[in-house]
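The lines below spell out each chain.
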Amino acid sequence: MLLAAPSRPTGRAALWASAAAVGAALMLSGALVAPAAHADDPAGYTGIVLGVASNETQRTVSWYTSADTSQVVQLAPTSAVVNGQFVASVTTFAATGAANVSTTGYNRHAVLSGLQENTQYSYRVGSDGNWSPTYSFKTQSFEGDFDFLFFGDPQIGSSGNVAKDGAGWADTMNVALTANPNAELLVSGGDQVETANTEPQWDAFLAPDQLRQYPWAATIGNHDVGGKAYEQHFYTPNTDYSSAYYKDPTKTATTSGGDYWYIYKDVLFIDLNSNSYNSANGGGDAAHVQYVTDVVNQHGADAKYTVLVYHHSIYSAADHAKDADNKVRRVDFPTTFSKLGVDLVLQGHDHVYTRSYEIKNGEKANPAEQPGQNDVFVGEGGVIYMTANSASGSKYYDITAPDNSGTTGAGNGPDPLKPSDYWYNSVQNQEHVRSYVKVQVRADQLVVEGIRSGTCDAPNAAVEQGKVGWCGTPGSSTAVDGVGSLIDSVTIHPFHGDGQDIQVDVPNQAPGEFGWTIDGQNGLVDLGTAEEKGDYFEATGEINPISVTDTRSSLAPWSLTSVLGDFKDGDKTFSGRYLGWTPKVVTDGAGATAGASVSSGYDTGDGLAVSRVLGSAAQGHTKGSALLGAALDLKLPTETAKGSYRATLTLTALAG
């Protein structure tokens, strides 16, 4: 009689052991030696800010330092940081930088690359023995839907009170990220500060810890351009710093500039320095149009949406609506943006919330689109333009009235459907309340929402300082809705041409698993009573079938082996070598092939007393399940003592 027993109930022990060994190897290979010490030259670190890089697998980190020393960013999965110590799996990224022109210190930045999705990371800047505090950020899936938040004009200092402006800005960040903790980008509308090189204003702007946890996609505003502090505080990817992208191309050493782009998941973001506009100095709008054209032509096919960001809003409704440069740009930009298939344009500068109608080639594309319409099915060349209100409450501009300059191109005429508004705007809103914009990027739509991050109450510096004479719903004593309430919501449905786009999301391949088990009940394998065949006894039978399943994506080889102990009955025994077998594949699958037949040791060899292969599969085999069996053949010398003997067949799985 024979009892077949697995070495583990689930049959996965060998695979687990193999996986554990691999994990240990990775841990060892990931350990790096810390950089050389600079403890004798300690540095202070301020203004640390996380930024966007070329794609979702990268981030940038920028900071100010008091010492001109070699510095790095240390990065590790947060799970590998023990008691605040970067003891394993640490990667270092060398930083570069230069002496500041606005302070007596230095600036540094580094690009973090090779990030893994759905991972919480910890990082710090500095050098051995002299590190900044540790900060963290998380990556999410590198494919599919995501949300980003857009912030207009914090302009810290513009109310005349940096502390109050900073308090409003910090509160907006808290409100926005508490409500949207899984937002993946923070996108700037420009004017981070009131005065370009005034570091106390930068300190207040960079004070919220969220700027070290979520990447800030910086945009340069007209209040940031007058010095080098913007370029020192932010390092942006794929940036063209040509003189054409500076406000004054002759002063590239004393101003900041540059157009840049990056792709985050399915969105191509293009960020322009709109301070360089149509002028006799060169560059300006023509350079921006060429830049956008080149980037879209080279990279547009790599993304499903194109979003432009720049500071000077061309379809706004407040103090800057009739600015000469805006009127020029309403002629220079829209036709190119329509031609290139731009989906959304995000802007700041006018400290008011607006959402345009669908604009094509500088005209309202669909005369039937209604004011405040919540679903917009843009046709070919249709573009939606957004202007964000103040995110800090430092400054608000009031809505101005249309004039008789026309309802296309550069005109500021009234909307035929709502004459109090400009012809190009579906929504105009000014309540003197802080707000931000949430953009949800989905497979076939962009959902854009204007959201209140404050009320008329403090912190709301412009109201507190008396910079505006009222707060609330214009023309009404009704209070505005509370924090988190919507100012506006629109779902933008992209145009897909005359054909039909077909999309399918393919998830990551599941790692799968390997396992085996005895098929059905593990009953006793009873060979019955051996028959005398001349000079030997013989008994035959079948093992209980073994089910093998392998769904691993690695398609790695596997084998199932067995070895038989001695047969025993009390103090009587005979060797397991007298049992032989003929393995077989009862049901095909998992690439299974049967092991070689093994004769009874009565005839020759060691029979099943040594390890034998029941079944196996080679590298690259198909996924699936197989059923393995084996015919048993026991031959014994006739001198074997009478008895009822049992032995145990031990099965072991090995999976690469």
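Our subject is the structure listed above.
Residues numbered from 1 in each chain as written. Predicted model: local features only at pLDDT ≥ 70, side-chain atom pairs only at ≥ 80, totals over all residues. Heavy atoms only, no water.

Draft legend 1. Structural view of the side chain of K228. Within the secondary structure layout, K228 lies in the loop between β15 (216-217) and α4 (229-233). A polar contact of 2.6 Å, which involves the side chain of K228, links it to the backbone oxygen of T252. Contacts of K228, omitting those with residues within four sequence positions, involve V101, N197, Y246, T252, A253, T254, T255 and S256. (Helix = DSSP H or I, 4+ residues; strand = E, 2+ residues; numbered from the N terminus. Polar contact = N/O pair within 3.5 Å; in protein donor to acceptor, adjacent residues only side chain to side chain. Contact = heavy atoms within 4.5 Å.)

Draft legend 2. Representation of the environment of L268 within the structure. Tracing the backbone through its elements, the reader meets L268 in strand β17 (residues 267-271). Of the residues examined, L268 reaches a relative accessible area of 0% and is grouped as buried. Put simply, L268 and A303 are 35 residues apart on the chain and 5.7 Å apart in space, counted from C-alpha to C-alpha. Setting aside anything within four residues of it in sequence, one finds L268 in contact with W261, Y262, I263, V295, V296, H299, G300, A303, Y305, T306 and V307. (Buried < 20%, exposed > 50% of the residue type's maximum accessible area, 1.4 Å probe, protein only.)

Draft legend 3. Representation of the sheet that holds strand β16 (residues 260-264) within the structure. Strand order in the open sheet formed by 7 strands is β16-β17-β18-β19-β24-β20-β27, and the pairing between neighbours is mixed. The sheet is open, and its two borders are formed by β16 and β27 (425-429), each paired with just one other strand. Along the sheet, successive strands turn relative to each other by an average axial angle of 15°, direction set aside. The sheet contact formed by strand β20 (residues 353-356) and strand β24 (residues 384-387) spans 2 bridges and is antiparallel. Bridge pairing in β24 places T354 opposite T387. In the packing of helix α5 (residues 284-299) onto the sheet, the strands contacted are β16, β17 and β18 (305-312), and the crossing angle to β17 comes to about 160°. (Pairing = 2+ DSSP bridges. Axes fitted to C-alpha atoms, helices over the stretch in contact; angles between N-to-C directions.)

Draft legend 4. Structural view of the pattern of salt bridges. In this structure the tally under the stated criterion is 18 salt bridges. The partner of K228 in a salt bridge is E231, and the shortest N-O contact between them spans 2.9 Å. Classification of K228 as buried rests on a relative accessible area of 12%. (Salt bridge = Lys/Arg side-chain N within 4 Å of Asp/Glu carboxyl O.)

Draft legend 5. Examining the packing of α5 against helix α6 (residues 324-332) more closely. Relative to each other, α5 and α6 sit at 35°, their axes nearing to 11 Å. Once α5 is placed against α6, the crossing between them reads as right-handed. Touching D285, H288 and V289 of α5 are V328, R329 and D332, all from α6. Partitioned by chemical class, the residues of the contact of α5 with α6 number 2 nonpolar, 1 polar and 3 charged. (Left-handed = near helix turned anticlockwise from the far one by under 90°. Nonpolar A, V, L, I, M, F, W, Y, C, P; charged D, E, K, R; others polar.)

Draft legend 6. Molecular detail of the state of the cysteines. Going through the model one piece at a time under the given rule, you end up with 1 disulfide. The disulfide partner of C456 is C471, and the S-S distance across this bridge is 2.1 Å. On the S-S bond that ties C456 to C471, the torsion sits near -90°, and the link is left-handed. Taken together, the residues C456 in the loop between β29 (445-452) and α8 (461-464) and C471 in the loop between α8 and β30 (486-493) connect sequence positions 15 residues apart. Owing to a relative accessible area of 25%, C471 belongs among the partly exposed residues under this scheme. (Disulfide = S-S within 2.5 Å.)

Draft legend 7. Up close: the pairing of strand β8 (residues 96-99). Of the pairings in the sheet, the one linking β8 to strand β9 (residues 106-112) comprises 4 bridges and is antiparallel in character. By the bridge assignment, T96 is partnered in β9 with H109.

Draft legend 8. Representation of the packing of aromatic side chains within the structure. According to the stated counting rule, one finds 32 aromatic pairs in the structure shown. Centroid distance W169 to W216: 5.8 Å. Interplanar angle 80°. Geometry classified as edge-to-face. With W169 in helix α2 (residues 162-179) and W216 in strand β15, this residue pair connects regions lying 47 residues apart in the sequence. Of the two residues, W169 and W216, neither departs from the other in class, the shared state being buried. Considering the side-chain rings of F333 and F337, the 5.1 Å spacing of their centres and the 35° angle between planes classify their relative orientation as tilted. (Phe/Tyr/Trp six-rings, centres within 6.5 Å; stacked < 30°, edge-to-face > 60°.)

Draft legend 9. Highlighting α6. Looking only at α6, the buried set comprises D325, N326, R329 and R330. In a view along the axis of α6, the buried residues occupy a sector of 145°, so they form one face of it. Exposed residues on α6 whose side chains face more than 90 degrees from its buried face are A324 and V331. For α6, the secondary structure elements touched by its buried residues are α5, β18 and α7 (334-339). (Arc of directions from axis to C-beta.)

Draft legend 10. Local environment of unusual backbone geometry. Note the cis peptide between A458 and P459, where omega equals 0°. Along the chain, P459 turns up in the loop between β29 and α8. Non-glycine residue A590 carries a positive phi angle of around 55°. The topology assignment puts A590 in the loop between β38 (579-587) and β39 (593-594).

Draft legend 11. Molecular detail of the nonpolar core. In this structure, F269, I270, F337 and L344 are the most contacted members of the largest nonpolar core, which totals 63 residues. Top contributing element to this core by residue count: α5, with 6 residues. Beyond its immediate chain neighbours, meaning those up to four positions away, F269 contacts F146, F148, L185, V187, Y260, W261, Y262, Y264 and V307. By size, the runner-up hydrophobic cluster in this structure holds 35 residues, among which are F514, L579, Y645 and L651. (Core = buried A, V, L, I, M, F, W, Y, C linked by side-chain atoms within 4.5 Å.)

Draft legend 12. Molecular detail of a nonpolar patch on the surface. A cluster of nonpolar side chains, namely V111, Y235 and Y241, defines an oily patch on the protein surface of about 230 Å² accessible area. Tracing the backbone through its elements, the reader meets Y235 in the loop between α4 and β16. Overall, Y235 belongs to the partly exposed group, its relative accessible area being 31%. (Patch = residues over 30% accessible without salt bridge, like charges linked within 9 Å, V, L, I, M, F, W, Y side chains within 5 Å. Areas by Shrake-Rupley, 256 points an atom, 1.4 Å probe, with all protein chains shown as cover.)

Draft legend 13. Structural view of α2. The terminal C-alpha atoms of α2 lie 26 Å apart, and with 18 residues this matches the ideal 26 Å at 1.5 Å per residue to within 8%. Summarising the contacts, the buried residues of α2 are in contact with β13 (146-151), β14 (185-188), α3 (199-205), β15, β28 (435-442) and α8. At the N-terminal end of α2, a side-chain oxygen is found 3.1 Å from the backbone nitrogen of A163, two or three residues along, and the residue is N161. (Expected span 1.5 Å × (residues − 1).)

Everything listed here is a matter of coordinates, which is why it stays silent on function.
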